[in-house]
Amino acid sequence: MFSKLSPYGGDPILSLQLAYREDARADKINLSIGLYYDEDGHIPQLQSVQKARELVNQLHEPCVYLPMSGNPAYCKGAQSVVFGVDSDIVRSGRVATIQTLGGSGALKVGADVLKKFFPESTARISDPTWDNHRAIFEGAGFPVETYPYFNRETQRLDFAAMAAYLDGLPEETIIVLHPCCHNPTGADLNTEQWDEVVNIVSRRRLLPFLDMAYQGLGEGFESDAYLVRALVKAELPFLVANSFSKIFSLYGERCGSLSMVCANADEAARAVGQMQQAVRRNYSSPAAYGARLVETVLLDSTLRSLWESEVGDMRQRIESMRTRLYRGLVQELPEFDWDFLLAQRGMFSYAPVLGQHMLRLRDEFGVYIIESGRICVAGLNASNVDRAARAFAAVLK
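Residues numbered from 1 in each chain as written. Predicted model: local features only at pLDDT ≥ 70, side-chain atom pairs only at ≥ 80, totals over all residues. Heavy atoms only, no water.

(A) Quick peek at the state of the cysteines. The full count for this structure, using the stated rule, is zero disulfides. No disulfide involves Cys180; its sulfur sits 4.2 Å from that of Cys181, the nearest cysteine. Classification of Cys181 as buried rests on a relative accessible area of 2%. (Disulfide = S-S within 2.5 Å. Buried < 20%, exposed > 50% of the residue type's maximum accessible area, 1.4 Å probe, protein only.)

(B) Up close: the environment of Gln277. Locating Gln277 in the fold gives a position in helix H12 (residues 265-280). A relative accessible area of 36% means that Gln277 is categorised as partly exposed. Through-space distance from the C-alpha of Gln277 to that of Ser69 is 9.3 Å; in sequence the pair is 208 residues apart. (Helix = DSSP H or I, 4+ residues; strand = E, 2+ residues; numbered from the N terminus.)

(C) Seen up close, the packing of helix H8 (residues 191-204) against helix H10 (residues 226-233). In the contact formed by H8 and H10, the axes pass within 10 Å of each other and the chain directions differ by 40°. Relative to H10, the element H8 lies oblique. The element H8 and its partner H10 pack so that their crossing is right-handed. Contact residues: Thr191, Trp194, Asp195 and Val198 in H8; Tyr226, Leu227, Ala230 and Leu231 in H10. Classifying every residue of the contact of H8 with H10 by side-chain character gives six nonpolar, one polar and one charged. (Axes fitted to C-alpha atoms, helices over the stretch in contact; angles between N-to-C directions. Parallel < 35°, antiparallel > 145°, perpendicular 65-115°, else oblique. Left-handed = near helix turned anticlockwise from the far one by under 90°. Contact = heavy atoms within 4.5 Å. Nonpolar A, V, L, I, M, F, W, Y, C, P; charged D, E, K, R; others polar.)

(D) Region of the structure containing H10. What H10 keeps buried is the set Leu227, Val228, Ala230 and Leu231. Along the long axis of H10, the arc covered by the buried residues comes to 165°, so they all point the same way. Those residues of H10 that are buried lie in contact with helix H3 (72-82), strand E7 (174-177), H8, strand E8 (207-212) and strand E9 (238-243). Downstream of H10 by a residue or two, Glu235 has a phi angle that is positive, lying close to 55°. (Arc of directions from axis to C-beta.)

(E) Highlighting the nonpolar core. In this structure, Phe244, Phe248, Trp307 and Phe392 are the most contacted members of the largest nonpolar core, which totals 104 residues. For this core, the element with the most residues is helix H14 (residues 301-332), which contributes nine residues. Counting residues in hydrophobic clusters, the runner-up holds 30 residues, among them Ala106, Ala111, Ile136 and Ala271. (Core = buried A, V, L, I, M, F, W, Y, C linked by side-chain atoms within 4.5 Å.)

(F) Fine view of the packing of aromatic side chains. Applying the stated criterion across every chain yields a total of 11 aromatic pairs. Members of the aromatic cluster, connected to one another through ring pairs, are Tyr74, Phe221, Phe244, Phe248 and Trp307. Above the face of the Tyr20 ring, Lys28 is positioned so that its terminal group lies 4.4 Å from the ring centre. (Phe/Tyr/Trp six-rings, centres within 6.5 Å; stacked < 30°, edge-to-face > 60°. Lys NZ or Arg CZ within 6 Å of the ring centre and 35° of its normal.)

(G) Local environment of the pairing of strand E2 (residues 95-101). For E2, the tally of buried residues reaches six of seven residues, placing the bulk of the element in the interior. In terms of strand pairing, E2 meets strand E10 (residues 255-261) through seven bridges, oriented antiparallel. Residue pairing for E10: Val95 is matched across the bridge by Val261. (Pairing = 2+ DSSP bridges.)

(H) Inspection of the packing of helix H2 (residues 47-57) against helix H13 (residues 289-298) at higher detail. Packing of H2 against H13 leaves a shortest axis separation of 9 Å and a crossing angle of 110°. Considering the angle they form, H2 stands roughly perpendicular to H13. The element H2 and its partner H13 pack so that their crossing is right-handed. In this structure, H2 uses Ser48, Val49, Ala52, Arg53, Leu55, Val56 and Asn57 to contact H13, whose residues at the interface are Tyr289, Arg292, Leu293, Thr296 and Val297. Classifying every residue of the contact of H2 with H13 gives seven nonpolar, three polar and two charged.

(I) Layout of the pairing of strand E3 (residues 123-127). Of all five residues making up E3, four are buried, and the element is well covered by its neighbours. Here E3 pairs with strand E4 (residues 144-148) via five bridges, running parallel. Each residue of the ladder has a partner; that of Ala123, found in E4, is Val144. Regarding topology, helix H6 (residues 131-139) serves as the crossover connection from E3 to the parallel E4, and that connection is right-handed. Where E3 meets E7, two bridges bridge the pair, whose relative direction is parallel. When the bridges of E7 are listed, Ala123 appears paired with Ile174. (Right-handed = clockwise from strand over helix to strand, strands pointing away.)

(J) A look at a nonpolar patch on the surface. Taken together, the side chains of Met1, Phe2 and Leu5 define a hydrophobic patch exposed on the protein surface, amounting to about 480 Å² of accessible area. The topology assignment puts Leu5 in the segment before helix H1 (12-22). (Patch = residues over 30% accessible without salt bridge, like charges linked within 9 Å, V, L, I, M, F, W, Y side chains within 5 Å. Areas by Shrake-Rupley, 256 points an atom, 1.4 Å probe, with all protein chains shown as cover. Salt bridge = Lys/Arg side-chain N within 4 Å of Asp/Glu carboxyl O.)

So, in structure tokens, the structure goes:
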């Protein structure tokens, strides 16, 4: 019966991670997968999370199923991060939020709900984007196309082309947007450009679906959520998926949430019901333990302050490594324009010119990047950044 099954080519990033693990070289450098590493090359355990873990483990509560919409206190904490502490729109009851299995679960649930009520819509994702965006929206049944985003020749954001394309879309087109720390390019819109996008969304009656997996790692929590604030101010409906994997260093706990911003509280209540139904027919209920840790941190003022400080330290370390990589590349290969690196934000930098040398970088230098040219800057540290710069320069000479 199962002879009909076709082979799966595998996920390029996760497959590369397996190759990295099998590499016996002690000086190998992993710049492929989107994980944050500390200066010692380890995935950190945040102090705020450790303190929360001690508190939670003292409770000795039974491990029972959560509701379909998840832990209510966790959802409240997630809203405070995404929409701001004591947000007017949250207090008005217009935001429907559920806990999800990471940001991927939020995208999946949101896509399923949209397909049910907007069956004739199509989805648009940026060129390039995170590979799973296409898989999730196509899996939900949407035709998916790309909108212009990044000019690979100039290595910079192509906002004029992006805006012109969005302004020509039909009503109720779903547009997937990265509010900050664009994956894979790290090239973000500024506030004036986001304002123009909001105007286009309003004029064309488009349906924004925001994917915010790195809030706090770009310019700070509030600045990184500028698009969220702008859409709320314009009184537009939208969805936002967020993930706590990176900013809590809780990857395996799968902590995410999905919020739908609605016209009124009655509409939001119906949105929660539809999201619950989508969860029920998918994974039934989300995971409990990681959410309890996140809830404990976000709803305790002392722990939250500590957590925000730790995320600030992560952001500063990433920026210092980006600057160090830039300086090393300028020294090794001064005739090449590396200024685009300094304009990028978050965990990733994007250099398609390096992607075509992926195999040589891996085989000769033990430097792992993905084929698109995405570089996880968070994998760099003081002991390997100069060696990475020399490797990048060597394959381009």
